[in-house]
Amino acid sequence: MMQSVVHTVLAGLSAGMFIWLVASGLTLIFGVLGVLNFAHGSFYMLGAYMCYTVLRYVGPDFWVALLIAPLSVCIIGYVVERWFLRYVYHLALPYQLLLTFAFVLIFDNLAKMVWGAGSVTPPDLSTLNGTVSILGRNFPVYNLFIIGVGPLVAAGLWLFLERTWYGRIIRAASSDREMAASIGVSVPALFTAVFVFGTWLGALGGGLAVPYVGLVTTGMGETIIIEAFIVAVIGGLGSLKGAFLGALVLGVLTAFGTRFFPAFDMFLTFILMAGVLLVRPQGLFGTAR
Amino acid sequence: MTESRIRYAVLAALLLALAAVPYVSGKFFVYLTMRVMLLGIFAVGFNLLLGQTGLLSFGHGAFYAAGAYGLGLFGAYVTPNPLLGVAVGIAAAAVVALLVGYLCVRHTEIYFAMLTLACGMMVFSFVWNARSITGGDDGFIGIMRAPVTLFGGLRLPIGKDSQFYYFVLAFFVLAVWVAHRIRISPFGLVLSGIRENARRTEYAGIPVRKYRLSVFVVSGAFAGLAGALEALLESNARPFMAHWTHSAEPVLVSLLGGLSSLFGPIVGGAFFIAMREIIQRYTENWMLGFGVVLLVVIMAFRGGIMGAVENLFGRRSAGAGR
Amino acid sequence: MGETLLTTRKLSNHFGMVCTARELSLSFEKGVVTSIIGPNGAGKSTLINLLTGHLPVQSGRIDFLGREITRMPIHRRVRMGICRSFQVVNVFPGLTVEENVMIPVLSRSMRAWRPITRVSRDAAGREEAEALLEKVGLSGVRGTPASSLSHGDLRLLEVGVALAAAPTLLFLDEPTAGMNPVERERLLGNVRTLSREGKTTFVLVEHDMDVVFSLSERILVLHRGELLCDGTPEAVRSDAKVREVYLGEDVSDLFRYTRTEAE
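One numbering rule holds for all chains: residues counted from 1, following each sequence as written. For naming, the first written chain is A and the first written ligand is 1, with later ones following in the order written. In keeping with the model being predicted, local features are shown solely for residues with a pLDDT of at least 70 and side-chain atom pairs are shown and tallied solely at 80 or more, while totals for entire chains, interfaces and linings include all residues. Values shown for side chains rest on all heavy atoms present in the structure; no hydrogens or waters enter the calculation.

**A closer look at the interface of chain B and chain A**
And step 1. Here a residue-residue contact requires only that any non-hydrogen atoms of the pair lie within 4.5 Å. In this complex, chain B contributes 41 residues to the contact, which on the side of chain A involves 47 residues.
And step 2. By convention, the term buried area covers the 1.4 Å-probe accessible surface removed from two parts as they join, with the contributions of both added. Together chain B and chain A conceal approximately 4300 Å² of surface at their shared face, both sides included; 82% is due to carbon and sulfur atoms.
And step 3. Considering only the side of chain B, the residues that lose the most area to chain A are Met 114, Met 122 and Trp 244 of chain B, jointly responsible for 16% of the buried surface there.
And step 4. The salt bridge criterion pairs a side-chain nitrogen of Lys or Arg with a carboxyl oxygen of Asp or Glu, the two atoms within 4 Å. The interface formed by chain B and chain A holds 0 salt bridges in total.
And step 5. In the analysis that follows, any N or O atom pair within 3.5 Å is treated as a polar contact, provided that within protein one partner can donate a hydrogen and the other can accept it, and provided that, for residues neighboring in sequence, both atoms belong to side chains. Run the count over chain B and chain A and you get 3 residue pairs in polar contact (both at pLDDT 80 or more).
And step 6. Broken down by secondary-structure element, the contributors of at least two residues to the side of chain B that touches chain A are helix H4 (82-104), helix H5 (109-129), helix H11 (244-257) and helix H13 (286-300) of chain B. The helix and strand labels rest on DSSP assignments: H or I over at least four residues marks a helix, E over at least two residues marks a strand, and numbering proceeds from the N terminus.

See the structure below:
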């Protein structure tokens, strides 16, 4: 029993880290740009496909792929922000959401055209397949690695936002755009930079997911974006701390749900979300509006 | 006086044209017209929430699904009477909308959109996972179209599409009429007050949250009606109905057609379905084509099709609202 | 004189370290036109916000018509008879002038819930709205969307929407700001007439001392959230503390004022 619980928690934590990677970029972009990006899940998916492509056609070194793939997706993020999103900041919310939704349709379809409608399987990644015994049962080392990456990204983000000049500018811009502009920051450039960085986080999640899931499909973005949304709601929209905690809780809860009540795994999440919102309508770390 | 007469004449002509469709056109066009009417019911109800009250829901697919599964389950276990089934579908959708709405109406704007999205996806996953009740990812199949019995004796068969068409048309006209009356009613005026200035509406003595919840349930009921009719049309109910990409459809067609008029969402719906058919005729990649069209529409014409038409003729919309 | 409408007991409010209301214990009597004055940041708007439910009460208690309303939501206070207008115009911009006042008129009965009847066929409601628009001087623009009104008309509408709720106690937050003399006279005339009719008791926040002294029977002076002085215009004018606070601000207005109106 103990063994089973520990393994479920670990599995949940590693799943939660992927949600966190997507939710962190989503939250950062929302916090600074004020736009909720439906296409963020597509960046995750594209990160995974690009990683697969590099592995397949460039070389079998996963780490090289992990370096190249997210950066290549950043170019797409740049295009989306610079040539489209930038022109709808002043429009009403539904238009912004629909614009990012249009990109979901476009990217999903493009991915199907480029990589086929079914799933693709990356070449052999057996070097990452090691396991370690925890309480007498084997657990994949790679998943432990993922559990390490999440907090690392969180710590990095925190240091960046709190301790660096750029971080302070970003925080200033998220609370008051005019103020940031008045101290000589080019707000449009800053927005582009933040969007591209958020894209990178999402794509990194996708790249990391390739050995974890073992196959890449077009649907993977749509699933994770919903989970990232739920996490953002639970944690409080715009709060990175909330997103991190929310992702871990959601990951673990879903793992328990799948293991013990397979028919109702999402239902637990729903109860969690409803409970949090009834007590704290603004989410765990959201500020009351 | 004359203007309203012209309007009635145009409406009557449109209605006649709609009624004539099964006589003058092929099966496929009859089917497509039904799809347009279903989407129209869905979107007209949805626009009571978005255009009238200013709330953007991304979870209305859940209520659509509740209507479809409600009708399907009722038909399978109680009686296949289609009128009762539709009523049960509407009621089921309203109940689900009440539960979801209760959680969501404290929020507005993006928070409301996210919450409704999340709640809608919960319904989706429930439908997907609860195989024993809903049939899971295969959908709930084998829904039949039993004849409609009216006034005790009159039996109207709706088995053929050309017969079922009038069943859909009747509900379509009813739904549009109800939506129209809501828009010009005191209730509708209060809703537009909430859209324009929620705080001031409170200072008019209006319990804003209750009104938001009410219109949420009403628009959920419209979605349930559309869902129940689709279940009859396709003889199945599918989990996809509750998926968020389906919830995005009424948002899309409302914005395409224009938020501020009654018929905007219907025009948008017709445009959406026509475009899907046309794009699909030339390419498999209709999502790509549609995404591009959507980009163009958002970047270029923000008032939607109806807005563009109105601008063209330089007149304001006659309906209530903005 | 009349019956007591509203009383507060030790009402306090802080924004961080700044105290915007300190243990205010006040009461408002029926029929007494009251003005709240004080330098900027004295807590005038805060007081209105607390009394009408705009701000949650941090400590203290409010009673209205013998019922505690300290935590009552805004719309229920309005239904009981407390309403307000806003300092910055705060109407329904996309609706016509008539629709603007129809909303509060309808909300006074359950009619506002009717989903199928037409607003345009609600003769009683429209008549009432029309009478109100006539009174505030906006019946000529009843079909105009509020967003295309002139500033002065917007201010009139702002007060009109508040009046349409038929309040027993009405707080007007700087109602004459930005009005030209004609509009101002019209508004003040309305306040006088309605006050004399006795259905509505007015409480104003004002900067314009002409308005304050010509209209009020009672003046409350606030300073840094505290009640500095509460009395008749004469008493307030001769109060030493008030002089001290107002030194250098509005001095000319406050002390050179002489009552010119024959009333």
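**Points about the side chain of Ser 125 of chain B**
Residues and elements named next belong to chain B.
And step 1. Position of Ser 125 relative to the elements: it lies in helix H5.
And step 2. Using a 1.4 Å probe on the protein chains alone, a residue whose accessible area is under 20% of its type maximum counts as buried, one over 50% counts as exposed, and one in between counts as partly exposed. By relative accessible area, Ser 125 is classed as buried at 8%.
And step 3. Within the structure, the side chain of Ser 125 is placed 3.0 Å from the backbone oxygen of Met 122, a separation counted as a polar contact.

**Let's talk about a nonpolar patch on the surface**
And step 1. Among the surface-exposed residues, Ile 75, Tyr 78, Val 79, Trp 83 and Tyr 87 of chain A together with Met 299 of chain B lie close enough to one another that they form a single nonpolar patch of about 580 Å² accessible area.
And step 2. For the nonpolar patch, the leading source of residues is helix H3 (residues 62-83) of chain A, giving 4 residues.
And step 3. Mapped onto the elements, Met 299 of chain B comes out in helix H13. Patches draw on residues past 30% relative accessible area with no salt bridge. Two like charges within 9 Å are joined, as are two nonpolar side chains (Val, Leu, Ile, Met, Phe, Trp, Tyr) within 5 Å. For every accessible area listed, the method is Shrake-Rupley and the probe measures 1.4 Å; residues are considered covered only by the protein chains on display.

**Considering the arrangement of the chains**
And step 1. Taken together, the 2 pairs of chains in contact show their highest number of contacts between chains A and B.
And step 2. Note that chain A does not reach chain C: the shortest distance linking a C-alpha of one to a C-alpha of the other is 13 Å.

**Considerations on the packing of aromatic side chains**
And step 1. Each aromatic pair joins two rings of Phe, Tyr and Trp (for Trp, the six-membered one) with centres within 6.5 Å, and gets the label stacked for planes under 30 degrees apart, edge-to-face for over 60, and tilted for any other angle. By the definition in use, this model includes 37 aromatic pairs over all chains.
And step 2. Between the aromatic rings of Phe 103 of chain A and Phe 107 of chain A, the centroid separation amounts to 5.7 Å while the plane-to-plane angle is 25°, which identifies the pairing as stacked. Taken together, the positions of Phe 103 of chain A and Phe 107 of chain A, both in helix H4 (residues 93-115) and 4 residues apart, correspond to about one turn of that helix.
And step 3. For Phe 107 of chain A, a relative accessible area of 8% translates into the label buried.
And step 4. When the ring of Phe 42 of chain B is compared with that of Tyr 64 of chain B, the centres are 4.7 Å apart and the planes differ by 45°; the resulting orientation is tilted. Here Tyr 64 of chain B lies in helix H3 (residues 60-77) and Phe 42 of chain B lies in helix H2 (residues 27-52), a separation of 22 residues in the sequence. Accessibility classification places Phe 42 of chain B together with Tyr 64 of chain B in one group, the buried group.
And step 5. Among the aromatic residues, ring-to-ring pairing joins Phe 38, Phe 101 and Phe 229 of chain A together with Phe 58 and Trp 244 of chain B into one connected group.
And step 6. By the criterion adopted, a ring carries a charge over it if an Arg CZ or a Lys NZ lies within 6 Å of its centre and within 35 degrees of its normal. In this structure, Arg 145 of chain B is placed above the aromatic ring of Phe 164 of chain B, and the distance from its NZ or CZ to the ring centre is 4.4 Å.
And step 7. Here the guanidinium or amino end of Arg 84 of chain C rests over the ring plane of Tyr 203 of chain B, the centre of that ring lying 5.7 Å away.

**Overview of the pattern of salt bridges**
Between side chains of opposite charge, pairing is possible as soon as their charged atoms come close.
And step 1. One pass over the full model with this rule turns up 19 salt bridges over all chains.
And step 2. The salt bridge involving Glu 196 of chain B is made with Arg 195 of chain B; its shortest N-O contact spans 3.1 Å.
And step 3. The salt bridge partner of Arg 200 of chain B is Glu 158 of chain C, with a shortest N-O separation of 2.4 Å. Highlighted residues: Arg 200 of chain B in helix H9 (residues 198-202) and Glu 158 of chain C in helix H5 (residues 151-164), drawn from two different chains.
And step 4. Since its relative accessible area comes to 1%, Arg 200 of chain B is described here as buried.
And step 5. For Glu 158 of chain C, a relative accessible area of 0% corresponds to the buried category.
And step 6. Put simply, Arg 35, Glu 230, Glu 234 and Arg 238 of chain B are held in one network by salt bridges that share partners.

**Digging into the environment of Leu 51 of chain C**
Residue and element names in this part refer to chain C.
And step 1. Within the secondary structure, Leu 51 is located in helix H1 (residues 44-52).
And step 2. According to the relative accessible area criterion, Leu 51 is buried, its value standing at 0%.
And step 3. Linking Leu 51 and Arg 71, residues 20 residues apart in sequence, is a C-alpha distance of 10.0 Å.
And step 4. Beyond its immediate chain neighbours, meaning those up to four positions away, Leu 51 contacts Leu 6, Thr 8, Leu 11, Phe 28, Ile 62, Ile 69, Arg 77, Ile 82 and Phe 171.

**So, a positive patch on the surface**
And step 1. Here Asp and Glu are counted as negative and Lys and Arg as positive; His is not counted, and neither are the chain ends. Lys charges are placed at NZ, Arg charges at CZ, Asp charges at CG and Glu charges at CD. Taken together, the side chains of Lys 210 of chain B together with Arg 67, Arg 76 and Arg 79 of chain C make up a positively charged region of the molecular surface.
And step 2. For Lys 210 of chain B, the location among the structural elements is in helix H10 (residues 208-234).
And step 3. Residue class for Lys 210 of chain B comes out exposed when judged on its relative accessible area of 54%.

**Side note on the pairing of strand S11 (residues 226-231) of chain C**
All names here are of chain C.
And step 1. Here the rule is simple: two strands pair whenever DSSP picks up at least two bridges between them. Pairing of strand S10 (residues 218-223) with S11, which is carried by 5 bridges, proceeds in the antiparallel orientation. Within S11, the residue paired with Leu 220 across the bridge is Asp 230.
And step 2. As consecutive antiparallel partners, S10 and S11 are separated by 2 residues, and within that stretch Arg 224 has a phi angle of approximately 50°, a positive value.

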